[in-house]
Amino acid sequence: MKKIDYAVLHQQMERLAQTAESDAERLQTEIDSFLEGSEQIPPEGADIIFWMLMYDLDYSQIVRCFDWYLLGDIYQRLVVDHENMPSIILEYRKRHPSMESEELSTYLWFGCLYRLAVQNAWQLAAVERLELFRAFVENITIYAMHALCPESWNDEDIYLFMPEVRVAYHIGRAYELLELEDIAGYIYYLDLAVDDCPDLSRCLELIKKIPSKIISTTDGMTQEEIHKLIRERIDDIKQAFQNEDWLKTAELVRKSDLDGFILGGDWEILDIQCRLAERGLI
């Protein structure tokens, strides 16, 4: 690995910062030139990631030059220089809800970035933290499902892999059991996910509460009738959102919460709640 000249790196970063301030459209070209032929960039070059997120720059070379397992050190430098990093990453996620890359390492890299954002997102609303958590799980799951042997995707062999992969697996199993209305199994797998990554426990505790309340008016109803009622509530919220009726959407979400429903188990509802929170409606 080529030795890094930190004095030169500092000068290069200063030039890039000047370009970011004066001519953001030229920033992509200059970063491409800077990264061409580079191997690994140390945390001192972290602002390249910041600019990528702010200006929607091409991430292919950036992901290659910043190792995913060093992202923790890099991220700590970013949050010192940019206190609103979780919000910046959340906005990037909203603009790019799905990744399109032929490189599996890209999904691993972004999954780890979203996990770091969740850890430091205490100032964000709960639904926004859950959106970052969702992004983490989605990207790690895509990586794991393509990178790992399918036969290893089971309760025993999953412990051969890194904690992020184990969390994604246990979250997936939890939701499979929730679909079957197996609440005990749902809670069991979420507890395993907490064991995998204790730093994500706050989000996992929020998710654990999703099926825990049922409105009093369901007394005497069958599970099938209760499920139908919940589904109708969710459909009404989604329809109001599609009609861009923000006030009605917010009213339906608030009513469901007051009645005892927690609708966060539906990722699309989480996205709607994020949009309402942005507008100060919930």
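Here the structure is a predicted model, which means the values were calculated and not measured.

J.: How would you summarise the overall build of the protein chain if you had to cite specific residues and measurements?
T.: A count of helical and extended segments in the protein chain gives 14 helices and zero strands. The secondary structure elements of the protein chain, listed N-terminal to C-terminal, are α-α-α-α-α-α-α-α-α-α-α-α-α-α. Within the span of the protein chain, comprising 282 residues, buried residues form 46% of the whole. Residue pairs at least 24 apart in sequence account for 66% of intrachain contacts in the protein chain once pairs closer than 6 positions are excluded. Only carbon and sulfur atoms are counted for the fraction: they give 50% of the accessible area of the protein chain, which is about 14,900 Å².

J.: Break down the environment of Cys 197 for me, with residues and values.
T.: For Cys 197, the location among the structural elements is in the loop between α10 (183-196) and α11 (201-208). It is 7.0 Å that separates the C-alpha atoms of Cys 197 and Val 167, two residues lying 30 residues apart in sequence. Discounting chain neighbours no more than four positions away, the residues touching Cys 197 are Arg 115, Pro 163, Glu 164 and Val 167.

J.: Would you mind going over the packing of helix α3 (residues 47-55) against helix α5 (residues 71-81) in detail, with residue names and values included?
T.: Relative orientation of the contacting elements α3 and α5 amounts to 75°, with a least axis distance of 9 Å. With respect to α5, the element α3 is oriented roughly perpendicular. Between α3 and α5, the contacting residues are Asp 47, Ile 49 and Phe 50 on the first element and Leu 71, Ile 74 and Leu 78 on the second. Across the contact of α3 with α5, the residue classes tally to five nonpolar, no polar and one charged.

J.: Please provide a residue-by-residue account of the environment of Tyr 114, values included.
T.: The residue Tyr 114 is located in helix α7 (residues 104-119) in this model. For Tyr 114, a relative accessible area of 1% corresponds to the buried category. Along the primary structure Tyr 114 and Phe 133 are separated by 19 residues, whereas in three dimensions their C-alpha atoms are 6.9 Å apart. Once residues within four sequence positions are removed from consideration, Tyr 114 is found in contact with Ile 89, Tyr 92, Arg 93, Leu 132, Ala 135, Phe 136 and Asn 139.

J.: Could you give me a rundown of α7, with the residues and numbers involved?
T.: Look at α7: 23 Å from first C-alpha to last across 16 residues, which is about the 22 Å you get at 1.5 Å a residue. Burial of α7 is extensive: 13 of the 16 residues sit out of reach of the surface.

J.: Describe the packing of helix α1 (residues 6-22) against α3, with residues and values.
T.: Viewed as axis vectors pointing N to C, α1 and α3 meet at an angle of 20°, and their least axial separation amounts to 11 Å. In terms of their interaxial angle, α1 and α3 are classed as roughly parallel. Helix-helix and strand crossings are classified by hand; for α1 and α3 the assignment is left-handed. For the pair formed by α1 and α3, the contact residues are Met 13, Leu 16, Ala 17 and Ala 20 on the first element and Asp 47, Ile 48, Trp 51 and Tyr 55 on the second.

J.: So what's going on with the packing of aromatic side chains? Which residues, and what values?
T.: Counted according to the given criterion, the structure contains 10 aromatic pairs. For the pair Trp 68 and Tyr 69, a centre-to-centre distance of 5.8 Å together with 85° between the ring planes defines the contact as edge-to-face. Of the residues examined, Trp 68 reaches a relative accessible area of 32% and is grouped as partly exposed. Each ring, one from Tyr 188 and one from Tyr 189, has its centre 5.2 Å from the other, and the planes form 85°; the classification is edge-to-face. Classification of Tyr 188 by relative accessible area gives partly exposed; the value is 47%. Overall, the relative accessible area of 6% leaves Tyr 189 in the buried class. Among the aromatic residues, those joined into a cluster by ring pairs are Tyr 59, Tyr 92, Trp 109, Phe 110 and Tyr 114.

Calculation rules
- Residues numbered from 1 in each chain as written.
- Predicted model: local features only at pLDDT ≥ 70, side-chain atom pairs only at ≥ 80, totals over all residues.
- Heavy atoms only, no water.
- Helix = DSSP H or I, 4+ residues; strand = E, 2+ residues; numbered from the N terminus.
- Buried < 20%, exposed > 50% of the residue type's maximum accessible area, 1.4 Å probe, protein only.
- Contact = heavy atoms within 4.5 Å.
- Areas by Shrake-Rupley, 256 points an atom, 1.4 Å probe, with all protein chains shown as cover.
- Axes fitted to C-alpha atoms, helices over the stretch in contact; angles between N-to-C directions.
- Parallel < 35°, antiparallel > 145°, perpendicular 65-115°, else oblique.
- Nonpolar A, V, L, I, M, F, W, Y, C, P; charged D, E, K, R; others polar.
- Expected span 1.5 Å × (residues − 1).
- Left-handed = near helix turned anticlockwise from the far one by under 90°.
- Phe/Tyr/Trp six-rings, centres within 6.5 Å; stacked < 30°, edge-to-face > 60°.

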